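Here are the chains, one letter per residue:
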Amino acid sequence: MLEYKPNMVLSNEEFNVIGTNPIRHDGADKVTGRAKYGADTKLAGMLYGKILRSPHAHAIIKSIDASAAEAIPGVYAVVTSADWPETSIKLTDLADGAIHNLGFLSMNVLARGKALYKGHAVAAVAAVSPHAAEEAMAKIKVDYEVLKPVLSAEEAMKPDAPILHERLASVSSPALRPGGILEENAESMRTNIANEFEFKLGDVEQGFKDADFIVEKETTTQAVHQGYIEPQAAVAQWQTDGKLTIWSSSQGQFTVRDQTARFLGIRVSDVKAIPMEIGGGFGAKGIVYVEPIAALLSRKSGRAVKVQLTRPEVFEGTGPTSGTKIKVKLGATKDGKLIAAEAELVYEAGAFPGSPVGAGIQCMMGQYDIPNGHLVAIDVVINRPKAAAYRAPGAPASAFCMETAMDELAEKLGMDPLEFRLMNSAKEGVRRVTGPMTPKVGYIETLQAAKDHQHYNTKLEGKHRGRGIASGWWANNSGPSSAVAVVNSDGTVSLTEGSPDIGGSRAAMAMHVAEVLGIPVTDIKPQVGDTDSIGFTSNTGGSSVTFKTGWACYQAAQSVKKQMAERAAKIWEIPEADVEYKDAILQHKSDPELKLTFKQIAGRMIPTGGPIVGSAGVNPPGPGPSIAVHVVDVEVDTDTGKVEILRYTAVQDAGKAIHPAYVEGQIQGGVVQGIGWALNEEYVYNDDGAMLNTSFLDYRMPTALDLPMIDTVIVEIANPMHPYGVRGVGEVPIVPPMAAISNAIYAAIGVRMNDLPMSPDKVLEALWAKEGK
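Caption draft 1: Representation of the pattern of salt bridges within the structure. For the structure on display, the rule yields 37 salt bridges. The closest approach of N and O atoms between Asp523 and Lys599, which form a salt bridge, is 3.6 Å. With Asp523 in the loop between helix H15 (505-517) and strand S20 (524-528) and Lys599 in helix H17 (residues 598-603), the pair connects residues that are 76 residues apart, well separated along the chain. We classify Asp523 as buried; its relative accessible area is 14%. On the basis of relative accessibility, which here comes to 44%, the residue Lys599 falls in the partly exposed class. Salt bridges here are not isolated pairs; linked through shared partners, they connect Arg24, Asp26, Lys30, Glu277, Asp501 and Arg506.

Caption draft 2: Spatial organisation of the state of the cysteines. Summed over the entire model, instances satisfying the criterion amount to 0 disulfides. Looking at the unpaired Cys401, the closest cysteine sulfur is the one in Cys363, lying at 15 Å. For Cys401, a relative accessible area of 0% puts it in the buried group.

Caption draft 3: View of helix H7 (residues 253-264). Across its 12 residues, H7 extends 16 Å between first and last C-alpha, which sits within 8% of the 16 Å expected from 1.5 Å per residue. Among the 12 residues that make up H7, 10 are buried, leaving the element largely enclosed by the rest of the structure. Note on H7: the residue one or two positions beyond its end, Gly265, has a positive phi of about 70°.

Caption draft 4: Geometry of a negative patch on the surface. Together, Asp203, Asp210, Asp212 and Asp335 give the surface a local cluster of negative charge. By the secondary structure assignment, Asp203 is in the loop between strand S8 (193-201) and helix H6 (204-210).

Caption draft 5: Structural view of the sheet that holds strand S16 (residues 373-381). Strand order in the open sheet formed by 5 strands is S8-S16-S15-S14-S9, with mixed pairing between adjacent strands. Of all strands in the sheet, those bounded by a partner on one side alone are S8 and strand S9 (213-221). Neighbour-to-neighbour, the strand axes of the sheet open up by a mean angle of 5°, direction not taken into account. Note that strand S15 (residues 338-350) and S16 share 9 bridges and pair parallel. Note on S16: the bridge partner recorded for Gly350 is Val381. Along the sheet face, helix H10 (residues 357-364) touches S8, strand S14 (324-332), S15 and S16 and points at about 160° away from the line of S15. Set on the sheet, helix H11 (residues 395-413) makes contact with S9, S14 and S15; between it and S9 the angle comes to about 150°.

Caption draft 6: Representation of unusual backbone geometry in the model. At the junction of Leu756 and Pro757, the peptide bond is cis and its omega measures out at -5° in the coordinates. Looking at the element boundaries, Pro757 is found in the loop between helix H19 (737-749) and helix H20 (760-771). For Phe282, which is not a glycine, the phi torsion comes out positive at approximately 55°. Looking at the element boundaries, Phe282 is found in the loop between strand S12 (271-275) and helix H8 (291-301). The class for Phe282 is partly exposed, based on a relative accessible area of 28%. With phi around 55°, Ala392 is a residue other than glycine that occupies positive phi space. When its relative accessible area of 0% is taken as the criterion, Ala392 is described as buried.

Rules and cut-offs
Residues numbered from 1 in each chain as written. Predicted model: local features only at pLDDT ≥ 70, side-chain atom pairs only at ≥ 80, totals over all residues. Heavy atoms only, no water. Salt bridge = Lys/Arg side-chain N within 4 Å of Asp/Glu carboxyl O. Helix = DSSP H or I, 4+ residues; strand = E, 2+ residues; numbered from the N terminus. Buried < 20%, exposed > 50% of the residue type's maximum accessible area, 1.4 Å probe, protein only. Disulfide = S-S within 2.5 Å. Expected span 1.5 Å × (residues − 1). Patch = residues over 30% accessible without salt bridge, like charges linked within 9 Å, V, L, I, M, F, W, Y side chains within 5 Å. Areas by Shrake-Rupley, 256 points an atom, 1.4 Å probe, with all protein chains shown as cover. Lys, Arg positive; Asp, Glu negative; His and termini not counted. Charge placed at Lys NZ, Arg CZ, Asp CG, Glu CD. Pairing = 2+ DSSP bridges. Axes fitted to C-alpha atoms, helices over the stretch in contact; angles between N-to-C directions. Contact = heavy atoms within 4.5 Å.

Okay, structure coming up:
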């Protein structure tokens, strides 16, 4: 049994800076209020934008009359989708994914032809004050032909369901097959099924014939919000020379630049996107909502324009995660070997294609060795806001189904649930059902750490108490990234990188550079660059930043290190090969008297060759997956149905924890969000498609009063594709909680909860059904 220490790190290798917990560089600005967020930008003569939103979930927009609004004093501009350039809305070639997706994205920003959910942006106003803008907004007359909404995937897939898009082709559509003609296959494009994926491995039919035990189940989950504190906000200023500058809080300033430029039909080089601090995103701020509208209003008015959403607008007009309906069938031999699996995943995309069902199916069984499998994933459009990413998008819902089914199968087999998972864990080189080979990852080590933990080995006593476990897999992402390290004459280093900081990445990037150069991390001055100041960097998301931008910072620091050695060689008039660099000291390999410090060379860099600047642009492969195993104890109040979390332990393979305290915080944050998803959170709609809980008063998220301390165990199985062994850590903590809590509730009261959230009313109904009431 592991000696119990809260928030343990099972380290694999020690470094000087990596693995320590320095104070974050931006901490003082954030706690004192000096940090600037999207809504903090104020420019001379700035106008205020407000967005008119559809009151209907599904309606044809027959006409928009803005004349009364434009006549109000202080109103400078009114825009609709008619103000988009034609290039941004062309959808003639549906086989071209880029054009197809761009059109849908622009339609989401401003409705064109149809309003597809209540809260869909229809028009926008810029005026001298928010009040004047709101007054003008109320004067805009929109003539709607109201249509019947379709509010669930189950309804949307029926043959007689209302159709959202007249021309929608999935990858399986006849219209997109070689030689397919769009006009001849028009009927196949009248569908709400936006996409379908299918994966097969081995002989599934024979696998189930050979199975001694089979479990089948179905789970449902509802749309939930990411819960970020800061609403979307942007300021746009269109210059007289045709250049556009945007200040906004986002998870990717290059996405803001590129999408806005494409929508407006201008060159990306004419748009400068400046990243402000971000008050939470969790994936949801990876696409644009307000930036293009602010830009349109600025171009039309000739003034800078700020657009800032209210909380109800965030709920009604931006993307939650998908609601889902998932079926799974598992088969195992009597000795506990998992030999067959089938699953069908149906995800609600909202009004436009693009649910995370692809990630859900990839991650559902990623940690298991299953020789025979057949998986189907379906993306369905409905009259709700377009789904957006939320921490390990797609994976929590699929894990909820898979991991509760694994628990049921372990019970049928009479096996310990951790032992059952250990027996069936995928080892390096095993092919997954979805195709890829399993890379090196610490699933076995993580399961073993959970099994050895004091929590798992402490007897749980008390009435209506239960313990549950579940595991989770997230593949992690990479992408292009850039960094520039500039040596200052006092020996400090100014570091500019392109990843917006939503989880302490400034500190992590500075630590990469400090480790390479052997200097204190306090001597690194990190900042996030705008799109004119740093090379292209993909979004902060998918647990990619510490891997990809860490690589960029590492390589930029290596360049600085090499240039330092070149300067020392020049000063001493010796070959560079004779210079040794260690712990920020450069010395002759065979003459210890020849020695200079990093700071000394920095002070002499101008006369010895000029500024020392290290830069790197990378797109590194092999981010390596992350694995988590969670153990939770609950108590169920059988009178009220309330579920209380008594104890929670999260074990996770981090590869190498660059900053262990931040890794711990990421794990704890993901667990807390998972607990909210499991027990309370959901979007509640009426029959007309109107959301009924559009505030944090009615949309119930857990607070510190609802939770115990979340204990963490950081397992370190180094990712061989990163110089320090990094794996992304921010996504996978949210994957296991729902299943772990469901399994714990079953252990407590003998009822399987298969529909999220497992709120008090649902728990009571399940208990009453069990008791025959």
